[in-house]
Amino acid sequence: MARDRMIGAAIFATLLALPLLLPLVGADYLMGLLIKAMLLAIAAISLDLIIGQGGMVSLGHAAFIGVGAYTAAIALESGIEEILILLALTLAVTALVALITGALALRTSGVYFLMITLAFGQMIYFTFTSLAAYGGDDGLTLWSLATLFGSDVVQNGEGLYFFVLATLLATWAGVHRIGLSRFGRVLRAARDNPQRAEVMGYPITRYRLVAYVIAACIAGVSGLLMMQYAEFVSPAIATWQRSGDLIVAVVLGGLGTRNGALLGAFFIVLMEEILSSLLHEWRLIYGPLLVILVLYAKGGLADLMAPRAKGAG
Amino acid sequence: MLEIRHLSKSFGALRVSDDISLALGPNECHAIIGPNGAGKTTLIHQISGVLRSDAGEVRLGGRDVTGLTVWQRVQAGLGRTFQITSILPSFSVLENVAIAAQAKAGGSMRFFAPAARDAALNDAAAAVLTRVGLADRMEARAADLSHGELRLLELAIALAARPKVLLLDEPMAGLGRTESAALIDLLAELRAEVPMLLVEHDMDAVFRLADRLSVLVDGRIIASGPPAEVRDDPGARAAYLGAEA
Ligand SMILES: Nc1ncnc2c1ncn2[C@@H]1O[C@H](COP(=O)(O)OP(=O)(O)OP(=O)(O)O)[C@@H](O)[C@H]1O
Ligand SMILES: [Mg+2]
C-alpha cells in the first residue's frame, strides 16, 4: 500500500522534473512522447475504474475519447477558445452520451456488455466519419487552439506538458480515492458478488452507471487534450483498436491496482516507439512480448515493481 | 410482520411453489422443513425478490412489497441469508459487514472520504461481528475463512442491515456439532429481537427455535402448526419426519 504510493510519487516526481532536466536537443521529441503516454494513461486509468473496480469490460472506451475531442474541436471551430469552457462542454456532452449508452449497455453483463459497448463505440466512430463539415474520414486540422484565461500557455510544449501532467495527477489521485470511497466500495462489491450486493440493499446498476459516466468523462477530457496536443482530430482517435489498446494497458499494468493503468500506458507507448524505431515489422515482437508479460506477470507491471506479500489483499 | 399469500412459481412444467400462504408474527420463529428439492430455497428467493413469483403477494409490516426489487425489499427491512454462502470474497470480514451497515445508513453516493475509515460504520460492523463470535477475525480476508466462519459472516451481513424480518436458508448447513450448537444458541437469542423464517434440516434446531412449523413437500405446505402438533401429524411424518425419526 505505502509502497504503491511511493512508486506513484516517484513516477510523478520524475515526470515533473524531466522537462527541467532534458537537454535542449531532442527535448521536443521526448516531451511529445511523454505527453502521448500521459494522455493514454489518463484514459487507461479511467477505464480501470470500470474494468478493475467495476468488473465491467468495455470495448468502446476510446469512443468517449473521440466524443471529448470532437466536442472540443467543434466548439473551437465555432469560436469558443477558453479551455475551461471547453472542458465543461466536453464533460457535459460525454456525460450525456455515456448516460444514454451506459443505461442501455448495463442491461447486459459479461461478454454481452463487451459486445454492446463495442457496438456503441462503432456507432460513435461512424458518426465521426460522417461529419463532413468537420473533415469526415480525413479529420480536421485545427487553425486555432484552446487558451487558458486568454493566454496561450497551454498551447506550446512545456505549458501543455504541465497541464497534461496536472490532469494525469488529478485523475490518478481521484480515481484511487473514488475506489476507496463509499461509492467505490459498492462498485467493488458489485464486481465481487453482484447478487450479494443487491441483497445488501444496493441498486447495483445505478452504481455501475455512475462509474461508467465518470470514466467516460475522464476519457473525454483526455480526448480534448489529445486534440490540443495534435492540433488535429480524426475518427482514428476512436477506433475499437484504440479501445483494445486501453484494455491492454489496464490488464498489462495490473487490474484495479494503484499504478497499473499508469505503468501499462507508459509501457505501451514507449514499447511502440522503441520497437517501431528499431524494426519495421515491430508488431511481430510486440505481440509475443505482450503474451509473455500477461503469462508471467499475472499481477501486471504494478505487481512486478511492488510484489504483494502472500495472502495480503 | 411478514405475510405471504398464495405464492406460486413454476420452472417450465415443474411447479416449485404451489399456492403457499403463511404469516410471521412479531418475535416469532417460523420453521420450514421439507425434503431436498421441496422448494424451500425457491420460496426464500420469491420472498426476497431474487425470483419473481408467477402469482401471489408478499407483505412486510402491512405493506405490499410484491412489486419491489430485491434491493428495495432489503431497504424495506427484509434481510436474508443464503444456503450456499454468498459473501464478498476479496473484502475483509469487517468490510463485508460494514458495507451492509452502509446500505442501511445511506450516503453511498459519496466519492471522496475513504469508507474504510468510517468509524460509525466500522463500529456498527464490529458490534455485529462480536455478537456472532467473529471479533478476532475482523481483519481477515473473507475468502480465507473456514466454512463455519463463513456461515457466521453470512449471518452477520444480514444482521448489519438491522432487518425487520430475517429469512434464514439452512444457516446450519455443513456445520459440525459444536458449531451448530453455538449457532442455535445465537439464533435463540436473536429470536427475541427479530422475527425469522427459518429453513432448516437440523431437527434439534427446529424444535429448539421454532414457534411454528410448516412442512413443505413438492411446493405445497402439507402441515402447519406448533412443532409438537406437526410432529405427531401422520401426513407430515409419512412425507418427511418419518425418514428422520
Ligand atoms: N432456476 C431453476 N430452474 C429450474 N428448476 C429449478 C431452478 N431452481 C430450482 N429448481 C428446481 O426446483 C425444485 C426446488 O428447488 P429448491 O432449491 O427450492 O429446493 P430446496 O427445498 O431448497 O432443496 P434443498 O433442501 O436441497 O436445499 C428442485 O426440483 C430444483 O431442481
Ligand atoms: Mg434449498
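Just so it is clear, the model here is predicted, and its values are computed rather than measured.

Caption draft 1: Focus on the overall build of chain B. Helix and strand counts for chain B stand at nine helices and 10 strands. Its C-alpha atoms give chain B principal-axis dimensions of about 60 × 40 × 35 Å. Sorting the 245 residues of chain B into buried and exposed places 54% on the buried side. When contacts within chain B are restricted to residue pairs at least 6 apart in sequence, those whose partners lie at least 24 apart make up 65%. Summed over all atoms, the accessible surface of chain B reaches about 10200 Å², with 51% contributed by carbon and sulfur.

Caption draft 2: Here's a closer look at the site of ligand 1. Residue and element names in this part refer to chain B. Lining the immediate surroundings of ligand 1 are 14 residues, of which Gly37, Lys40, Thr41, Thr42 and Gln83 lie closest. A distance of 2.7 Å separates an oxygen atom of ligand 1 from a polar atom in the side chain of Thr41. A distance of 3.2 Å separates an oxygen atom of ligand 1 from a polar atom in the side chain of His201. Contact with the protein chains hides 60% of the accessible area of ligand 1, taken as 640 Å² for the molecule alone. If you list the elements that add at least two residues to the shell around ligand 1, you get β2 (14–24) and α1 (40–48). Element by element, the count of residues in the shell around ligand 1 is highest for α1, at three residues. Residues that form the shell around ligand 1 fall into these classes: five nonpolar, seven polar and two charged.

Caption draft 3: Structural detail: the packing of aromatic side chains. Applying the stated rule across the entire model yields nine aromatic pairs over all chains. Ring centres 5.0 Å apart and planes at 50 degrees place the aromatic pair Phe12(A) and Trp172(A) in the tilted group. Here Phe12(A) is found in helix α1 (residues 2–21), whereas its partner Trp172(A) is found in helix α6 (residues 157–180), with 160 residues between them in sequence. Classification of Phe12(A) as buried rests on a relative accessible area of 9%. Arranged with centres 5.4 Å apart and planes meeting at 85 degrees, the rings of Tyr161(A) and Phe162(A) form a pair that is edge-to-face. Note on Tyr161(A): relative accessible area 0%, which makes it buried. Through a chain of ring-to-ring contacts, the aromatic side chains of Phe183(A), Tyr202(A), Tyr207(A) and Phe111(B) assemble into a single cluster. Sitting over the face of the ring of Phe82(B), Arg80(B) holds its NZ or CZ atom 4.0 Å from the ring centroid. The cationic tip of Arg231(B) hangs over the ring face of Phe207(B); the distance from NZ or CZ to the ring centre is 4.7 Å.

Caption draft 4: Up close: the coordination of the magnesium ion (ligand 2). Coordination of the magnesium ion (ligand 2) by the protein comes from Thr41(B) (OG1) and Gln83(B) (OE1), over a distance range of 1.8 to 2.1 Å. Of this pair, Thr41(B) sits in helix α1 while Gln83(B) sits in the loop between β6 (78–80) and α3 (93–105); the two residues are 42 residues apart in sequence, bridging distant segments of the chain.

Caption draft 5: Main features of the sheet that holds strand β3 (residues 29–33) of chain B. All names here are of chain B. Taking strand neighbours across the sheet as the criterion, the six strands line up as β6-β7-β8-β3-β9-β10 in an open arrangement whose pairing is mixed. Strands at the two margins of the open sheet, each flanked by one partner only, are β6 and β10 (220–225). The mean inter-strand angle of the sheet, taken between neighbouring strand axes irrespective of direction, is 20 degrees.

Caption draft 6: The interface of chain B and chain A, seen in detail. The partner chain A presents 27 residues to the 38 residues of chain B that form the contact. With both chains or domains summed, chain B and chain A bury close to 3000 Å², and 58% of this area falls on carbon and sulfur atoms. For chain B, the biggest contributors to the area lost against chain A are Trp71(B), Met109(B) and Phe111(B); these three give 21% of the whole. Our count for the contact surface shared by chain B and chain A stands at three salt bridges. Close ionic contact of Arg182(A) with Asp118(B) constitutes a salt bridge, the shortest N to O distance being 2.7 Å. Here chain B and chain A share 18 residue pairs in polar contact (both at pLDDT 80 or more) between them. The leading source of residues in the side of chain B that touches chain A is α3(B), at seven residues. Its residues assigned to classes, the side of chain B that touches chain A shows 22 nonpolar, nine polar and seven charged.

Caption draft 7: Focus on the domain arrangement of chain B. All names here are of chain B. Each assigned domain of chain B is listed with its residue range as follows: domain 1 (1–77 + 163–245) and domain 2 (90–162). In this structure, domain 1 and domain 2 have C-alpha centres spaced 26 Å apart. Listed per partner, the contact involves 18 residues of domain 1 and 12 residues of domain 2. Here domain 1 meets domain 2 over a buried area of about 1100 Å², counting both sides, of which 60% is carbon and sulfur. Contact with domain 2 buries surface across domain 1, with Pro163, Leu186 and Leu190 losing the most and accounting together for 36% of the total. Put simply, domain 1 and domain 2 have two salt bridges between them. As a salt-bridge pair, Glu189 and Arg131 come within 3.0 Å of each other at their nearest N and O atoms. Put simply, domain 1 and domain 2 have six residue pairs in polar contact (both at pLDDT 80 or more) between them.

Caption draft 8: Geometry of a positive patch on the surface. A cluster of basic residues, Arg63(B), Lys104(B), Arg162(B) and Lys164(B), forms a positive patch on the protein surface. Mapped onto the elements of the fold, Lys104(B) is located in helix α3.

Caption draft 9: Representation of a nonpolar patch on the surface in the model. Residues and elements named next belong to chain A. A cluster of nonpolar residues, Leu270, Ile274, Leu278, Leu279, Leu284 and Ile285, forms a patch on the protein surface that exposes about 560 Å² of accessible area. Listing elements by their share of the nonpolar patch, those giving two or more residues are α11 (260–278) and α12 (283–296). By residue number, the principal contributor to the nonpolar patch is α11, which donates three residues. You can see Ile274 is positioned in helix α11.

Caption draft 10: A look at unusual backbone geometry. Residues and elements named next belong to chain B. Unusually for a residue other than glycine, His6 sits at a positive phi of about 50 degrees. As for its position among the elements, His6 is in strand β1 (residues 2–11). Assessed through its relative accessible area of 47%, His6 is described here as partly exposed. A positive phi angle, near 50 degrees, is found at Asp218, a position not held by glycine.

Caption draft 11: Summary view of the sheet that holds strand β4 (residues 55–60) of chain B. Residue and element names in this part refer to chain B. Taken in spatial order, the four strands line up as β2-β1-β4-β5 in an open sheet, and their pairing is antiparallel. Looking at the sheet topology across the chains shown, the edges are occupied by β2 and β5 (63–64). Bridge count between β1 and β4: five bridges; the pairing is antiparallel. Paired with Glu3 across the bridge in β4 is Arg59. Lying over the sheet, α1 contacts β1, β2 and β4, oriented at roughly 120 degrees with respect to β1.

What counts, and at which threshold
Residues numbered from 1 in each chain as written. Chains lettered and ligands numbered in written order. Predicted model: local features only at pLDDT ≥ 70, side-chain atom pairs only at ≥ 80, totals over all residues. Heavy atoms only, no water. Helix = DSSP H or I, 4+ residues; strand = E, 2+ residues; numbered from the N terminus. Buried < 20%, exposed > 50% of the residue type's maximum accessible area, 1.4 Å probe, protein only. Contact = heavy atoms within 4.5 Å. Areas by Shrake-Rupley, 256 points an atom, 1.4 Å probe, with all protein chains shown as cover. Near = heavy atom within 4 Å. Polar contact = N/O pair within 3.5 Å; in protein donor to acceptor, adjacent residues only side chain to side chain. Nonpolar A, V, L, I, M, F, W, Y, C, P; charged D, E, K, R; others polar. Phe/Tyr/Trp six-rings, centres within 6.5 Å; stacked < 30°, edge-to-face > 60°. Lys NZ or Arg CZ within 6 Å of the ring centre and 35° of its normal. Donors = N, O, S within 2.8 Å, 3.2 Å for Na, K, Ca; no water. Pairing = 2+ DSSP bridges. Axes fitted to C-alpha atoms, helices over the stretch in contact; angles between N-to-C directions. Buried area = accessible area lost by both parts, 1.4 Å probe. Salt bridge = Lys/Arg side-chain N within 4 Å of Asp/Glu carboxyl O. Domains from an automatic or database assignment. Patch = residues over 30% accessible without salt bridge, like charges linked within 9 Å, V, L, I, M, F, W, Y side chains within 5 Å. Lys, Arg positive; Asp, Glu negative; His and termini not counted. Charge placed at Lys NZ, Arg CZ, Asp CG, Glu CD.

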